[in-house]
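Descriptive analysis of the structure
Here's the letter readout for the chains.
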Amino acid sequence: MAQTIIRIQTKLMKEYYQYFSKYAKGGRPEGKVAWITAFAPVEILEALGISCYYPESYAAVIAASSMEQSLLSKSEELNLSRDCCSYSCCIQGCLELEEGPRGVPPKPDMLIATNNQCNTLPNWWNILAHRYKVPLIVIDYPGDGADRRTAYHYVTAQHRNLITELERLTGNKLHMDRLAELVENSRNSVKAWKSVIRHMKDKEVIPTGLFDDINFLITARCRRETSEMYTMLEEELSRRPLANQELLPVFWLGYPLWYHADRYLSSILEGCRVSGSNYITWWNIDYAGEDLFECLFNAYNDTFLNLSQKTRNERLGRLIRESGAKAAVTLRNKSCKCDFVSARNIDIPQVEIDMDMIDRTILDEKAARDRISLVRETICTG
Amino acid sequence: MYRLGIDVGSTYTKYCVLSCRNKIEDCFTERTPIRQREYFEGKKGDFPSASCGYGKANVPFAKKSVNELTALAKGSHYVCPEVSVVLDIGGQDTKIICHENGTLKNFYINDRCAAGSGMFLINTLRMLEIDFDDMDLQDIRSEIRLSSACAVFAQTEIVGLIAANVPAKDIAGAVVGHILQQSRSLLRKVNAENGILLSGGLTQIRGFREMADRILETRCIIGPYARYMSAIGCALSLPSCGD
Amino acid sequence: MNILSMSGFVPEQICDTVRFTQYFGQRNIASYCGYASDFISQVMGDQNIDGAVYPKSCDSSRIIGSYLEMCGKFLHQINVPAGTDHAAVMFFAEEIRRYQQQIEKHYHTAINNIGERIALLNRRNREICEMYDDLDTLDYYAYIENIHKNLQRPLCEQTVGDRLRQVHRTGKRVFVTGSFLSGIEIARIIEDRGLKIVGDDLPESGRLCSFPETKDTGDVYLNISANIMGRRLSPTQDHFNRILEADLAEIKRKEAKGVIMVIQKYCEPYEYLYSIYKAYLEAQDIPVLKISLLHSEDTQKAELQIEAFADII
């Protein structure tokens, strides 16, 4: 079973990276290439035969390969402040130096950015558009603060315009049954992933694997193999022994540390186990609706970082309760202030740690260790 | 007729007396007084003077007020004409300038925390009870590195090192190293293939140039009158005999 | 009703607000845009303010509500479209209507003077534009101070057309760009150092003058939306190339010798814009100075840099 999971993952990764410069030998995908942000309506692009690449995801790979520092420095040399999102600084450095663990992605024919995660990503995509001189389409998702009906019409108009524009750029025609098939695949991938992550609470599941495995939900969501692979993974996790109840359950509130071998502070969470994480729920997007446009609206307008504080409080509160966590490790990510405010109203003791998901120099590990010890003592003696 | 250049810095005021023929007659330093205006009003200007630095407006007898970076460009070209990039680590901030034959062309200022400035070292030396003049970076053996960019957190780290009985001179060395590390981001913005001329009070520390070579990974030069270059530039900005 | 508003995206046509300019009190939020954090501090600390309206247009403004949720005052966030096409204008029109409805509901009032407000605003904006066209001869500090003071008054009390001091022109013409110039001292420093500001694309000045008038016939919300969306772009609206082209055209037309970009630290839209703006303009031999401020009061390093920049250009 484990072999089959690995075989599917290897196949998906091989297909994704085959046209990166390290492997491509000058070759390019057959159809058009788009660089897209992590919450773009990928189903529309895939339905039009467009190959999609995710620069944010590659930045995580770069950090995992310990190559980020020189790229961050190069980006700063080019006048992009290091205060900006490290995903962007890392990739800008990579593009300038043409260096990365797998080279650089194939040049884009178009760029698609959304603001349902943050407003920084469209800014970054603008400088990519300036670099590559290709069309940039920014899709605006108002979130749950706007009037629902107005927001639906606005987003749907943008989705329709996106289709029209992409048909023009590719010369292909969108077939709605193909789109429906891809949306169904995505729905199944999300459903399968939800089953996987529910084991985090009770079973001996370390977050490392989940932080890495969610990559397929991000970059291969509408592939049928993704839900198949997650279903197998769920079966495997269901056979794991129960988690050691002596360990203090903590909630990992924030991004993984992509540069860390374990993706989280494993060495300083002694006596603890991570029983929940909000990051691994972000792509549990809800494709509910009576027609495809409604499904896409609900999925992409209501992403977690696009929700009001009130809604986030409710969702996060529920996640934490379900995880059984007694404390939270809350990450003040230098690159993402939008996520940090999510933790403003949680009821359990928190350890706040300054870090960055890409730049390993931000974290003060000793200070983090001291704070975690303090909270652990407080809970255990309280 | 002599000319006087006065660089009123946050910690020290530097003076340069230049002769008619642009020869340096004298350079000297004194601590910048708290009541600057009162102090300078009590002085009489015997020669034409120009002032620069944060407190330049407090020198009433100065005929001319010069921008500190413009003065640094002039002065550094006078002192070391073959190098056109200058790194100045001052009390309040760190700056890098590029000039062409003494004319300022470009500059960058470190807008990060005070952990990148001379004041951080002064405060640390006070904590460690080390005299600035006794500092020697040449006999430091350990390779301690401070990890925080922020002065407040870096100070906490220092307290921890003291509690761990790390030798005071090693801690002081780590702070100097840290200040140099913070200036690396500025260096990336300029072309320093001909080397960097170092400026500011830290150039007086024994072993500073070698540490800078190592941390900045570039050829570093400390010229004569290293802490007086802005004052020299100020004096040069005044008309000379033939003018 | 004493609502503190942030940004030119908040429609003045609907009702009076107190435009946030500068804050002088205690600061409690770190690693966050100084302008937004000062806005939050003023809403929380100023007893005279009973409400806040802010855009959802950048990372800092998008999470303002998270910091203010417990303040007990009227809060409203306006979604600002990323694009400016017809769908975006229609959506923004609905957002403006929603803004009006929320105010009426919270303050138990009825807003029925939008037509009059449009007329007053059109006149005020024309007056600002006349002065903007005369920037060569105006003391820029006095000009921008005049605008800021008026923005804090009710619309019917705004008198922008006062005579301003004339100054002698110098050769060192500069263009100023950036977000709302909360620390107007910077303007005084610039012109005291022998530079002359001949144009800008600040939201309260150059951008406002690019599309000053609201149509007064037809659907009033669509007209207000078209007016705001029709102005020159902010980098929060995500078309950097159009910003570059428009700025360069004005810089060349006004023969500006350099550009000063005044931004807040941790302001991502302007940091990203700067990363291409500098190279784009310097390729045309136009030097760019970026001044990064910690908060709305900060001028600490500005003087040294502006003075040195004046020596360079």
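What you see is a predicted model; the values in this text were computed from it and never measured.

1. A short note on the overall build of chain C
- When helices and strands are tallied, chain C shows 12 helices and eight strands.
- Reported as C-alpha extents along the three principal axes, the dimensions of chain C are approximately 55 × 45 × 35 Å.
- Counting only residues that meet the buried cut, chain C has 63% of its 313 residues in that class.
- For chain C, the proportion of contacts with a sequence separation of at least 24, taken over those separated by at least 6, is 71%.

2. Overview of the overall build of chain B
- The number of helices and strands found in chain B is seven helices and 10 strands.
- Taking 18 Å as the expected radius of gyration for a compact globule of 243 residues, we find that chain B reaches 18 Å, a close match to that expectation.
- Considering only C-alpha atoms, chain B reaches an extent of 60 × 40 × 30 Å along its principal axes.
- Looking at chain B as a whole, 54% of its 243 residues are labelled buried.
- Taking the intrachain contacts of chain B between residues at least 6 apart in sequence as the baseline, contacts between residues at least 24 apart amount to 63%.
- When the accessible surface of chain B is totalled, it reaches about 11,000 Å², and 48% of it is carbon and sulfur.
- Separation between the mean location of the 28 positive side-chain charges and that of the 27 negative ones in chain B comes to 5 Å.

3. So, the sheet that holds strand S10 (residues 220-221) of chain B
Residue and element names in this part refer to chain B.
- Overall, mixed pairing links the five strands, which are arranged S8-S7-S6-S9-S10 in an open sheet. Looking at strand neighbours, the two that pair on one side only are strand S8 (103-109) and S10, the edges of this open sheet.
- Of the pairings in the sheet, the one linking strand S6 (residues 85-89) to strand S7 (residues 94-100) comprises five bridges and is antiparallel in character. Note that in S7 the partner of Ile89 across the bridge is Thr94.
- Helix H2 (residues 68-79) rests against S6, S7, S8 and strand S9 (196-199) of the sheet, and its axis sits at about 60° to S7.
- Along the sheet, helix H5 (residues 168-187) contacts S6, S7, S8 and S9; its crossing angle with S7, the most-contacted strand, is approximately 40°.

4. Looking at the domain arrangement of chain C
Residues and elements named next belong to chain C.
- Domain boundaries assigned for chain C yield domain 1 (3-107) and domain 2 (114-312).
- Spacing between the C-alpha centres of domain 1 and domain 2 amounts to 21 Å.
- Listed per partner, the contact involves 39 residues of domain 1 and 40 residues of domain 2.
- Note on domain 1 versus domain 2: buried area summed over both sides is about 3,500 Å², and carbon and sulfur give 57% of it.
- It is Glu12, Gln13 and Arg19 in domain 1 that bury the most area against domain 2; as a group they hold 20% of the surface buried on that side.
- The partner of Asp16 in a salt bridge is Arg117, with the nearest N and O atoms 3.0 Å apart.
- Linking domain 1 with domain 2 are 14 residue pairs in polar contact (both at pLDDT 80 or more), by the criterion used here.
- Residue contributions to the side of domain 1 that touches domain 2 peak at seven residues, all from helix H4 (residues 86-107).
- Of the residues belonging to the side of domain 1 that touches domain 2, the class tally is 20 nonpolar, 12 polar and seven charged.

5. Some words on the side chain of C:Thr17
All names here are of chain C.
- Positionally, Thr17 belongs in the loop between strand S1 (3-5) and strand S2 (18-19).
- The exposure class assigned to Thr17 is buried, which follows from its relative accessible area of 15%.
- A distance of 2.9 Å separates a polar atom in the side chain of Thr17 from a polar atom in the side chain of Ser5.
- Sequence-distant contacts of Thr17, that is, excluding residues within four places in its chain, are made with Ile3, Ser5, Val53, Tyr99 and Leu151.

Calculation rules
Residues numbered from 1 in each chain as written. Chains lettered and ligands numbered in written order. Predicted model: local features only at pLDDT ≥ 70, side-chain atom pairs only at ≥ 80, totals over all residues. Heavy atoms only, no water. Helix = DSSP H or I, 4+ residues; strand = E, 2+ residues; numbered from the N terminus. Buried < 20%, exposed > 50% of the residue type's maximum accessible area, 1.4 Å probe, protein only. Contact = heavy atoms within 4.5 Å. Rg over C-alpha atoms; globule rule 2.2 N^0.38 Å. Areas by Shrake-Rupley, 256 points an atom, 1.4 Å probe, with all protein chains shown as cover. Lys, Arg positive; Asp, Glu negative; His and termini not counted. Charge placed at Lys NZ, Arg CZ, Asp CG, Glu CD. Pairing = 2+ DSSP bridges. Axes fitted to C-alpha atoms, helices over the stretch in contact; angles between N-to-C directions. Domains from an automatic or database assignment. Buried area = accessible area lost by both parts, 1.4 Å probe. Salt bridge = Lys/Arg side-chain N within 4 Å of Asp/Glu carboxyl O. Polar contact = N/O pair within 3.5 Å; in protein donor to acceptor, adjacent residues only side chain to side chain. Nonpolar A, V, L, I, M, F, W, Y, C, P; charged D, E, K, R; others polar.

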